[in-house]
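Fold and contact review
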Amino acid sequence: MANKKTYEDAIEELSLMLMYLTREQDRNEFCRYREISWKGYDFGLLDKLGQEEMIYQPRSRRGYDKYLYLTEEGRHRAKALLEEYGLSDKDLNERFLFRDIRPEEAGQAAEIERICFPPHEACTEAMMKERVCKVPELFLAAEDKSTGRVAGFVTGIATDEDFFRDEFFKVAGLHNPEGSNVMILGLDVLPEYRRQGLGKEIMFQFLRRESKRGRKLVTLTCLDSKVKMYERMGFQDRGLSGSSWGGEKWHEMSYVLNI
């Protein structure tokens with residue numbers, strides 16, 4: 001018979017999983033990519049998880065607030081425990097694996113871009129393949145676990161520049177790994193996976209990851225018809241962009257991650 005976990009270990013693991021499973025989107029205008037869980041746990045346990053950097057407990061002048069955040073380490077630990085205990089995650093996490101893109105998937109990325117955007121807006125196959133090769137760390141792909149294929153992705157480059165320009169699409173060499181800002185070059189979701197919350201989840205996970213990397217600002221451009229969609233994700237409209245990519249008029253939208 002396998003060794004049982006101690007009572008204390010079981011309480012800690014089950015509590016961490018419950019925090020993860022009951023998480024919800026933060027309503028804070030500037031932190032919508034973060035997820036909160038409401039407190040209802042032993043204070044000693046919360047302090048222990050905080051010391052282990054599994055959670056973060058915000059404080060105000062009145063003391064600890066009534067909610068907490070799971071750190072990325074806490075999220076990964078909770079997901080691993082769900083697998084160990086044989087428990088289900090939220091539907092999107094059951095269906096998709098969110099991960100870095102792989103070099104051999106450059107062709108898939110180029111084909112997804114071709115499908116998702118009209119010819120005058122899409123990046124060329126050569127541009128996309130160069131970006132996968134030179135800037136893989138600024139891709140976040142959603143893999144359909146049932147097929148192993150990429151269902152969608154977000155991609156960008158890092159820079160210290162504050163405003164979007166069309167050269168970012170064309171020249172992957174403009175990427176600065178230490179750049180404080182990120183210019184998103186595309187959020188692509190295949191048609192059969194749309195209207196399921198996948199694009200929103202890809203973006204939220206991307207923002208959370210780049211916040212942890214210390215990025216300050218994330219910027220993208222979109223057509224007028226997509227402004228409301230990105231506002232619901234927490235982006236703010238900065239007005240018309242200087243970009244004229246594809247001969248279109250674009251709105252420039254930004255998301256402040258760290259000040």
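Our structure's up above, just so we're on the same page.
Rules behind the numbers
- Residues numbered from 1 in each chain as written.
- Predicted model: local features only at pLDDT ≥ 70, side-chain atom pairs only at ≥ 80, totals over all residues.
- Heavy atoms only, no water.
- Helix = DSSP H or I, 4+ residues; strand = E, 2+ residues; numbered from the N terminus.
- Rg over C-alpha atoms; globule rule 2.2 N^0.38 Å.
- Buried < 20%, exposed > 50% of the residue type's maximum accessible area, 1.4 Å probe, protein only.
- Contact = heavy atoms within 4.5 Å.
- Areas by Shrake-Rupley, 256 points an atom, 1.4 Å probe, with all protein chains shown as cover.
- Lys, Arg positive; Asp, Glu negative; His and termini not counted.
- Charge placed at Lys NZ, Arg CZ, Asp CG, Glu CD.
- Core = buried A, V, L, I, M, F, W, Y, C linked by side-chain atoms within 4.5 Å.
- Pairing = 2+ DSSP bridges.
- Right-handed = clockwise from strand over helix to strand, strands pointing away.
- Salt bridge = Lys/Arg side-chain N within 4 Å of Asp/Glu carboxyl O.
- Axes fitted to C-alpha atoms, helices over the stretch in contact; angles between N-to-C directions.
- Parallel < 35°, antiparallel > 145°, perpendicular 65-115°, else oblique.
- Nonpolar A, V, L, I, M, F, W, Y, C, P; charged D, E, K, R; others polar.
- Expected span 1.5 Å × (residues − 1).

**Brief notes about the overall build of the chain**
A tally of regular secondary structure across the chain gives nine helices and 13 strands. Computed over its C-alpha atoms, the radius of gyration of the chain comes to 20 Å, within 12% of the 18 Å expected for a compact globule of 259 residues. Counting only residues that meet the buried cut, the chain has 49% of its 259 residues in that class. Looking at the chain alone, contacts between residues at least 24 apart form 63% of all its contacts between residues at least 6 apart. Of the accessible surface of the chain, which amounts to about 13,900 Å², a share of 51% is contributed by carbon and sulfur atoms. When the 41 basic and 46 acidic side-chain charges of the chain are each reduced to a single mean position, those positions are 3 Å apart.

**Here we look at the side chain of Glu105**
Within the fold, Glu105 resides in the loop between strand E7 (96-99) and helix H5 (106-116). Take Glu105: its relative accessible area is 4%, and that puts it in the buried class. Here Glu105 is in contact with Arg99 and Val150, once residues within four sequence places are set aside.

**Overview of the environment of Gly214**
Structurally, the position occupied by Gly214 is in the loop between helix H8 (198-212) and strand E11 (217-222). Taking the C-alpha atoms as reference, Gly214 lies 21 Å from Arg27; in sequence the two are 187 residues apart.

**Considering the nonpolar core**
Where a protein is soluble and globular, its nonpolar side chains tend to be buried together. Grouped together as the largest cluster of nonpolar side chains are 55 residues, with contacts concentrated most on Ile184, Leu198, Met203, Tyr230 and Phe235. Among residues more than four places away in sequence, those in contact with Leu198 are Leu92, Phe96, Phe98, Ala142, Ala151, Val189 and Tyr193.

**Topic: the pairing of E11**
Burial runs high along E11: six of the six residues are buried. Of the two faces of E11, both are covered, the one formed by Leu217, Thr219 and Thr221 as well as the one formed by Val218, Leu220 and Cys222. The sheet contact formed by strand E10 (residues 181-189) and E11 spans three bridges and is parallel. Each bridged residue has a counterpart across the sheet, and for Asn181 the counterpart in E11 is Leu217. In this region the chain leaves E10, passes through H8 and returns to the parallel neighbour E11; the handedness of that crossover is right-handed. Bridge count between E11 and strand E13 (residues 251-256): six bridges; the pairing is antiparallel. From the neighbouring strand, Thr219 faces E13, where its bridge partner is Ser254.

**Things to note about the pattern of salt bridges**
Counted according to the given criterion, the structure contains 27 salt bridges. Note that Arg99 and Glu143 form a salt bridge whose closest N and O atoms lie 2.7 Å from each other. Of the two residues, Arg99 sits in strand E7 while Glu143 sits in strand E8 (residues 139-144), which places them 44 residues apart along the sequence. We classify Glu143 as buried; its relative accessible area is 11%. In this structure, the salt-bridge partner of Lys134 is Glu130, at a minimum N-O distance of 3.0 Å.

**Considerations on the sheet that holds strand E3 (residues 55-56)**
An order of E1-E2-E6-E3 is seen for the four strands of this open sheet, with the pairing classed as antiparallel. Each of the sheet's edge strands pairs with one partner strand only, and the pair in question is strand E1 (24-25) and E3. Looking at chain direction, E1 and strand E2 (residues 35-38) are connected through two bridges and run antiparallel. What sits directly across from Glu24, in E2, is Ile36.

**Details of the sheet that holds E7**
Across the sheet, seven strands lie side by side as E7-E8-E9-E10-E11-E13-E12; this open sheet has mixed pairing. The sheet terminates laterally at E7 and strand E12 (236-240), the two strands that pair on one side only. In this sheet, adjacent strand axes meet at a mean angle of 25° when their direction is disregarded. Packing against the sheet, helix H6 (residues 125-134) makes contact with E8, strand E9 (150-159) and E10, and its axis sits at approximately 100° to E8.

**What about the packing of helix H3 (residues 72-85) against H8?**
Close contact between H3 and H8 brings their axes to 11 Å; oriented N to C, the two are set at 130°. Regarding the angle of H3 to H8, the classification is oblique. The segment H3 lies against H8, with Glu72, Glu73 and Arg75 engaging Gln205, Arg208 and Lys212. A class-by-class count of the residues in the contact of H3 with H8 yields no nonpolar, one polar and five charged.

**Observations concerning helix H1 (residues 7-21)**
In this model, H1 (15 residues) spans 21 Å end to end at C-alpha, consistent with the 21 Å of a helix rising 1.5 Å per residue. When H1 is considered as a whole, its buried residues turn out to be Glu12, Glu13, Ser15, Leu16, Met17, Met19 and Tyr20. Contacts from the buried residues of H1 go to E2, helix H2 (43-51), E3, strand E6 (67-70), H3 and helix H4 (91-95).

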